[in-house]
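Here are the chains, one letter per residue:
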Amino acid sequence: MLKHIAFLGPPGAGKGTQAKRIAKQTGYVHLSTGDILRDEVARATALGGKAKAYMDRGDLVPDGLIVDMIRSRITAADGFILDGFPRTVAQAEALAGITPLDLAINIALSREAVIDRLSARRVCRDCGKIYNLLFNPPQTPGRCEQCGGELYRRDDDQPEVIENRYDVYMQATAPLIDFYRTRGILREIDGTLPMQTVSERIMELLRS
Ligand SMILES: [Zn+2]
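Residues numbered from 1 in each chain as written. Predicted model: local features only at pLDDT ≥ 70, side-chain atom pairs only at ≥ 80, totals over all residues. Heavy atoms only, no water.

A. Seen up close, the coordination of the zinc ion. Protein coordination at the zinc ion: the donors are Cys 124 (SG), Cys 127 (SG), Cys 144 (SG) and Cys 147 (SG), at 2.3 Å from the metal. Of note is the zinc ion, whose four donor atoms meet at the metal with angles of 99 to 116° in an arrangement that counts as tetrahedral. Coordination of the zinc ion draws on donor residues from a single chain, spaced C-x2-C-x16-C-x2-C in sequence. With a gap of 23 residues between them, Cys 124 in strand S5 (residues 121-124) and Cys 147 in the loop between strand S6 (130-132) and strand S7 (151-152) connect regions that are remote in the sequence. Given a relative accessible area of 2%, Cys 124 falls into the buried group. Using a relative accessible area of 39% as the deciding quantity, one classes Cys 147 as partly exposed. (Donors = N, O, S within 2.8 Å, 3.2 Å for Na, K, Ca; no water. Tetrahedral: all angles 85-135°; square planar, octahedral: opposite > 155°, others 65-115°. Helix = DSSP H or I, 4+ residues; strand = E, 2+ residues; numbered from the N terminus. Buried < 20%, exposed > 50% of the residue type's maximum accessible area, 1.4 Å probe, protein only.)

This is how it looks when you write it as structure tokens:
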């Protein structure tokens, strides 16, 4: 089994969902940069404090800081699945200096499909539960099943904003895809396939 894995793919491709499922099946550690950042900030670590200063200003957390947070988790793990990292070639090079990846799996989704999926996302105003009108609609339209709260569409899930997020992602990530293709470890999966099929394809790749 291949053990050092990264998932690439645009917002809405299901990287997080797949990473959770595959981590459960393999026992590998799921490393999501978003979760790690929140964890470091919540535990008020030295790195968390530095990251928070950037986040409070609305700035991106610098590559070096992200790499420092990931480093100890990667070296402690027997197998890992990276979700949301690396995001740039600089991060990919830093990662290669810590440990080489076995596989970079790109879960590909077209611009149109990303817009359809993300603009169908709704969030509960009261408890934060996330729904998707396409895959996981609430039983009563507009109402949270968990707490009865009102569902709304977040500002960054508005179609114009999604288009921009997609373009920004593609611009930043296209060189990353080339980076891993050149190294012969890039594999691609069609993100429009059903969730279960995508999981099965990923497991096949890990066994190859
Ligand atoms: Zn709710």
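B. Broad picture of the sheet that holds S6. Spatial strand order, S6-S5-S7: three strands in an open sheet with antiparallel pairing. Each of the sheet's edge strands pairs with one partner strand only, and the pair in question is S6 and S7. Relative to S7, S5 is paired through two bridges, and the arrangement is antiparallel. Looking across to S7, one finds that Val 123 is bridged to Tyr 152. (Pairing = 2+ DSSP bridges.)

C. Spotlight on the packing of helix H6 (residues 111-119) against helix H7 (residues 159-182). Close contact between H6 and H7 brings their axes to 9 Å; oriented N to C, the two are set at 135°. Between H6 and H7, the angle is such that the two are oblique. Crossing geometry of H6 relative to H7 is assigned as right-handed. Touching Arg 111, Val 114, Ile 115, Leu 118 and Ser 119 of H6 are Pro 159, Ile 162, Glu 163, Arg 165, Tyr 166 and Asp 167, all from H7. (Axes fitted to C-alpha atoms, helices over the stretch in contact; angles between N-to-C directions. Parallel < 35°, antiparallel > 145°, perpendicular 65-115°, else oblique. Left-handed = near helix turned anticlockwise from the far one by under 90°. Contact = heavy atoms within 4.5 Å.)

D. Summary view of the nonpolar core. By size, the foremost hydrophobic cluster in this structure holds 28 residues, and its most contacted members are Leu 8, Leu 82, Leu 101 and Tyr 180. Of all the secondary-structure elements, those providing two or more residues to this core are strand S1 (4-8), helix H2 (33-42), helix H4 (63-76), strand S3 (80-83), helix H5 (89-98) and H7. With six residues, H4 is the single largest residue contributor to this core. Apart from the residues lying within four places of it in its own chain, the contact partners of Tyr 180 are Leu 8, Pro 86, Ala 92, Leu 95, Leu 101, Ala 104, Ile 185 and Leu 186. (Core = buried A, V, L, I, M, F, W, Y, C linked by side-chain atoms within 4.5 Å.)

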